[in-house]
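# Residue-level structural notes
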Amino acid sequence: CEAHNMLFLARPEWLRLATCFSAYGFVWGYVLILCAAATNSWHALRHPILLFAGAKMYALIYYHTMEFLSSTPPVGLAAYFGVEGPYLLSGALVLRRVLAEDRKKQMRWGGSSPRKQC
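Presented here is a report on the structure given in the accompanying data block. (Residues numbered from 1 in each chain as written. Predicted model: local features only at pLDDT ≥ 70, side-chain atom pairs only at ≥ 80, totals over all residues. Heavy atoms only, no water.)

### Details of the layout of surface pockets
- Looking at the second largest pocket, its volume works out to about 190 Å³.
- As for the second largest pocket, its lining consists of Tyr30, Ile33, Phe52, Ala53, Lys56, Met57, Leu60, Tyr87, Ser90, Gly91 and Val94.
- Of all elements in the fold, only helix H3 (27-39), helix H4 (46-69) and helix H5 (77-108) reach the threshold of two or more residues within the lining of the second largest pocket.
- Broken down by element, the lining of the second largest pocket gets its largest block of residues, 5 residues, from H4.
- Split into classes, the residues belonging to the lining of the second largest pocket amount to 8 nonpolar, 2 polar and 1 charged. (1 Å grid on protein atoms, 1.4 Å probe; cavity = no way out; pocket = protein on both sides within 12 Å on 5 of 7 lines; lining within 4 Å. Points joined across faces, edges and corners; volume = space filled by probe spheres on them. Helix = DSSP H or I, 4+ residues; strand = E, 2+ residues; numbered from the N terminus. Nonpolar A, V, L, I, M, F, W, Y, C, P; charged D, E, K, R; others polar.)

As structure tokens, this is what we get:
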């Protein structure tokens, strides 16, 4: 970790604040996704989940931009994304599930496929 993510270990104030906000400020989104998965209510909760996913993706993009543009950018990309990659992957999987569930509901209601519309 020391060789691959030196900025995180340097702990500048902005990074500590961003990490705390991400952990505690976004807890509602994690609970929401847990509820959607436990009750299979992806379609009903899609709007707040999409809002959360947008906020989380913005935070991740901001973090990675600051990480790579800092005075101590990551050296080993494989090790760096081995640790950071699951955050991106989990966001993509949640978005895939929400959007796939939305397409299923649309097809059940007699709507046409979004790809066939002009």
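### Some points on the packing of H3 against H4
- It is at 10 Å that the axes of H3 and H4 come closest, and there the two elements cross at 140°. In terms of orientation, H3 lies oblique with respect to H4. Along this stretch, H3 crosses H4, giving a crossing that reads as left-handed. The segment H3 lies against H4, with Trp28, Gly29, Tyr30, Leu32, Ile33 and Ala36 engaging Pro48, Ile49, Phe52 and Lys56.
- Residue composition of the contact of H3 with H4, by class: 8 nonpolar, 1 polar and 1 charged. (Axes fitted to C-alpha atoms, helices over the stretch in contact; angles between N-to-C directions. Parallel < 35°, antiparallel > 145°, perpendicular 65-115°, else oblique. Left-handed = near helix turned anticlockwise from the far one by under 90°. Contact = heavy atoms within 4.5 Å.)

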